[in-house]
Amino acid sequence: MRPSTLVKLAWAGNRADWLRLVFTACGAAMGTIVLLAAATVHWLPPTELIIELGEGAWSITHTDHRYATSLLNDTAARPVVAAALLLLTLPALAFAGQSARLGAPARDRRLAAIRLAGATPGQIRFVGVAEATVACFVGALLGIGCYLAIRVLAHRPVLADPWAESTGEPPRNLVPRLPLPTDALPPLWTFGAVVVAVTAVAALLSALALRRVTVTPLAVRWRSRQRPLRWWPLVLIAVGFVVLVVHLTIDRQNVGNQRVLLPLTGWTAVLSLIFGVALCAAPLGQLVARLTRRYMRRPGPMLAAKWIIADPWSGTRSLAILLISVFIGAAAIRGITYAEAGLVFGWVTEQDVHRFGLFVLVVTLVVASAGLLFAMVEGMLTRRRALAGLIAAGTPHGTLARAVLMQALLPGVPAVLLAVVVGVAAVASAETQPLPLSAGATELALLGGGAIAGIALAAAVSLIVLRASVAVDELRTE
Amino acid sequence: MTESLLEAEGLVKSLRERDRSRLRRTDFGVLFQFGQLVAELTAAENVALPLLLGGARWGQAEAKAREWLDRFGVGDVAGAVPTAMSGGQAQRVALARAMVTSPAVLFADEPTGALDSLASEQVLQVLTAQARAHNTTVVLVTHDATAAAYADREIAMRDGTLLTSAEVAR
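Residues numbered from 1 in each chain as written. Chains lettered and ligands numbered in written order. Predicted model: local features only at pLDDT ≥ 70, side-chain atom pairs only at ≥ 80, totals over all residues. Heavy atoms only, no water.

**Details of the pattern of salt bridges**
Inclusion rule: Any carboxyl oxygen of Asp or Glu that lies within 4 Å of a side-chain nitrogen of Lys or Arg is treated as forming a salt bridge with it. A helix here means a DSSP run of H or I that spans at least four residues, while a strand means a run of E at least two residues long, and both kinds are numbered starting from the N terminus. Each residue is assigned to one of three classes by its accessible area relative to the maximum for its type, calculated with a 1.4 Å probe on protein chains only: buried under 20%, partly exposed between the two thresholds, exposed over 50%.
Counted according to the given criterion, the structure contains five salt bridges over all chains. Between R20(A) and E131(A) there is a salt bridge whose closest N-O contact spans 2.8 Å. Here E131(A) lies in helix α6 (residues 121-153) and R20(A) lies in helix α2 (residues 15-42), a separation of 111 residues in the sequence. Where D19(B) meets R16(B), a salt bridge forms, and the shortest distance between an N and an O atom there is 3.5 Å. Residue D19(B) is classed as partly exposed on the basis of its relative accessible area of 22%.

**A word on the domain arrangement of chain A**
Residue and element names in this part refer to chain A. Counted only if it meets this: Marked domain ranges trace back to an automatic or database domain assignment. Residues are treated as being in contact if the distance between any of their heavy atoms lies within 4.5 Å. Whenever a nitrogen or oxygen atom comes within 3.5 Å of another N or O atom, the pair is scored as a polar contact, on the condition that within protein one atom can donate a hydrogen and the other can accept it, and that pairs from neighbouring residues in sequence are kept only if both atoms are in side chains.
Taken domain by domain, chain A consists of domain 1 (3-219) and domain 2 (232-476). With 30 residues of domain 1 at the contact, the number on the domain 2 side is 27 residues. Inspection of the region where domain 1 meets domain 2 yields zero residue pairs in polar contact (both at pLDDT 80 or more). Looking at the side of domain 1 that touches domain 2, the elements that each hand over two or more residues are α2, α3 (70-73), α4 (78-99) and α5 (104-116).

**With respect to empty space enclosed by the protein**
The line we're drawing: In this analysis a 1.4 Å probe is tested at points of a 1 Å grid over the protein atoms alone, and where it fits but cannot get out there is a cavity; an open set with protein on both sides within 12 Å along at least five of seven lines is a pocket; lining residues have an atom within 4 Å of a point. Grid points are joined across faces, edges and corners, and a volume is the space filled by probe spheres set on the points. Polar here means any residue outside two lists: the nonpolar Ala, Val, Leu, Ile, Met, Phe, Trp, Tyr, Cys and Pro, and the charged Asp, Glu, Lys and Arg; Gly therefore counts as polar.
Overall, the coordinates contain four cavities of 30 Å³ or more when judged by the stated rule. If you add up the space inside the largest cavity, you get close to 110 Å³. Every residue lining the largest cavity is listed: L116(A), A117(A), R24(B), R25(B), F28(B), G29(B), V30(B), P50(B), R97(B), A98(B) and T101(B). Top contributing element to the lining of the largest cavity by residue count: strand β1 (residues 28-31) of chain B, with three residues. In terms of residue class, the lining of the largest cavity is built from six nonpolar, two polar and three charged.

**Overview of the confidence of the model for chain A**
Do not read the predicted coordinates in detail wherever pLDDT is low. The criterion, for reference: Here pLDDT means the predictor's own confidence in every residue, given as a number from 0 to 100.
On average, residues of chain A score 79 in pLDDT, and 83% of them reach the 70 mark or higher. When mean pLDDT is taken per element in chain A, α6(A) scores highest with 88 and strand β1 (residues 49-54) of chain A scores lowest with 62.

**Considering the pairing of strand β3 (residues 137-141) of chain B**
Residues and elements named next belong to chain B. Filter applied, for reference: The rule for pairing is simple: two strands pair if DSSP sees at least two bridges between them. By convention, orient the strands away from the viewer: a clockwise path from the first strand over the helix to the second makes the crossover right-handed.
One ladder, built from five bridges, connects strand β2 (residues 105-109) with β3; its direction is parallel. The partner of V105 across the bridge, within β3, is T137. What joins β2 to β3 is helix α6 (residues 117-133), and the crossover it makes is right-handed.

**Quick notes on the packing of aromatic side chains**
Worth spelling out the cut-off: Only rings of Phe, Tyr and Trp enter the pairing, Trp through its six-membered ring, and a pair is recorded when the two centres are within 6.5 Å. The plane angle decides the type: under 30 degrees is stacked, over 60 is edge-to-face, the rest tilted.
Applying the stated criterion across every chain, the model contains four aromatic pairs over all chains. With 5.9 Å between their ring centres and 65° between their planes, Y147(A) and F191(A) make a pair best called edge-to-face. Taken together, the residues span a long stretch of sequence, with Y147(A) in helix α6 and F191(A) in helix α8 (residues 188-210) at a distance of 44 residues. Note on accessibility: Y147(A) and F191(A) belong to one class, buried. Relative to F107(B), the ring of F28(B) has its centre 5.3 Å away and its plane inclined at 85°; by these criteria the two rings are edge-to-face. Pair noted here: F28(B) is in strand β1 and F107(B) is in strand β2, with a separation of 79 residues, a long-range link.

**Structural notes on the packing of helix α9 (residues 232-249) of chain A against helix α16 (residues 397-430) of chain A**
Residue and element names in this part refer to chain A. Formally: Lines fitted to C-alpha atoms define the axes here, with helix axes fitted over just the stretch in contact, and angles between the N-to-C directions of these axes take values from 0 to 180 degrees. For classification purposes, an angle smaller than 35 degrees is called roughly parallel, one larger than 145 roughly antiparallel, one from 65 to 115 roughly perpendicular, and anything else oblique. Helix crossings are classified by the rotation of the near helix relative to the far one: an anticlockwise turn of less than a right angle makes the crossing left-handed, while a clockwise turn makes it right-handed.
Running from amino to carboxyl end, α9 crosses α16 at an angle of 15°, the nearest separation of the two axes being 10 Å. As summarised for this structure, α9 and α16 are arranged roughly parallel, according to the angle between their axes. Pair α9 / α16 crosses with right-handed handedness. Contacts between α9 and α16 involve I237, F241, L244 and L248 from the former and L418, V422, A425, A426, S429 and A430 from the latter. For the contact of α9 with α16, the residue count by class is nine nonpolar, one polar and no charged.

Below is the structure:
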């Protein structure tokens, strides 16, 4: 079969399919913008400012005043900014992956119909993967367009006197400053690499999502993972901490270590911790559900516990983005508190650190909440026949609503707490100066509480769909 | 007959999934009560699908699809999607899709089960006429005696067991 026909089949969808493609492309575009922003910061030329001290004496500093934020002016702070931006790509790409499941049951039924017409399993896989891949490719190109547009629109130098700003004196020597590094551009190959990377990740994610879907000519089967869960995500977290300790003990003066070993161990530690935290939600949820089933005998909690035990992964997959965001947020809060204590970043101002930290937090939480809401609505629509069956059998709407809320909160609450603890512990283990573990407790409580409120809010909003989709008529439709 | 069925079953089971798909696309046609059309594709695209999956060019496949839609009397809905057709029209489009590759055997499982008597008659008439014209063997499973009357040979089953003529007469 011609690839063009397969692509045409992949994109032959209804309104829900188009919505899925648009959101997937948006996620890919967000990921592309963030990746390019990280590349821009990484490729900024190192700054050298010569300060005359008088009487022939002078000093060189790696800080200048080209940009409005001191985080970009200080060469030493740039890798931290680039790393934080790189971490932002995780929720963005996870959002794209979550969007790729929107309306998927209807898409899978279409694939079954194509299979009945004689398509081979390989052709079906290609159709399934091509849809998300093409959407992400288009999204990545759009992301590049947005990045270039932002670059043009934000290139508005503002005259300011940095010295006067810091001392409070009236401005004298005005110099132009840029709000963003719009005077620099990463190498051209970076754009190609970002498009390839975003598209490849999308193809991989959609292939993984199709792994549990068996499309036969007569039906579609969704296999749920029902084998007992092990605690290997905790092992992943432990490995993350071990690698982090190794990373901290590596000689930082050695050029070879700087190029290979330090980034390798640093990223291995961060990614191990992130994936460990995200994957822990399922075993944690199952444990809490078992306890709930044993000790709470009311219908709502019992239903929720049964659903979680039957398929512990389905409820927690959607939590992953939020947990990653909470982990990043907790780590950022701890890091900012550490910086505020005046222990690092001598040239970076508190205000800029706060602004950047808030930006990272708000973006990740908004993206994560949107992904969570999508996942919950999707889960509700997928189970609408089973839920309609419960209503038909006399289950009150209130009981069902409580069960849906608890299904989200039972794995959510312990997982969020774990993400906060691991995020704080990761940064605390890298600190060279003593700082109490309770530092930034208010902000951390706000972050954890906000995330749990986000889960409850997403579940509450999805209840609107619940009422509409559990009409007894659902039992009669195909 | 049981032996040849077992032989055929063994042969199909011994094939790889990919080859079974090819077999379904070329030598076999399948027709169900409803739900076999791709809801997002037009009638012409649905009928052209098996040809496209086999590697045919779009223009060539579409021309052949329209030819088959005309034969089944639904050429006027070539550009419509299944939800915009009546049950009888959708079933004739599905029949055109099953026949477009000129299969040796067409398996029809209750093909008129979801249709009223007039639409059923139209579908069965056109099915038998085209099957005869293209030397296609139709294996039709039905509970409907009227539909069964269109067959050249009738085999009755009860609870998975073949009945003899005497048992059928009783």
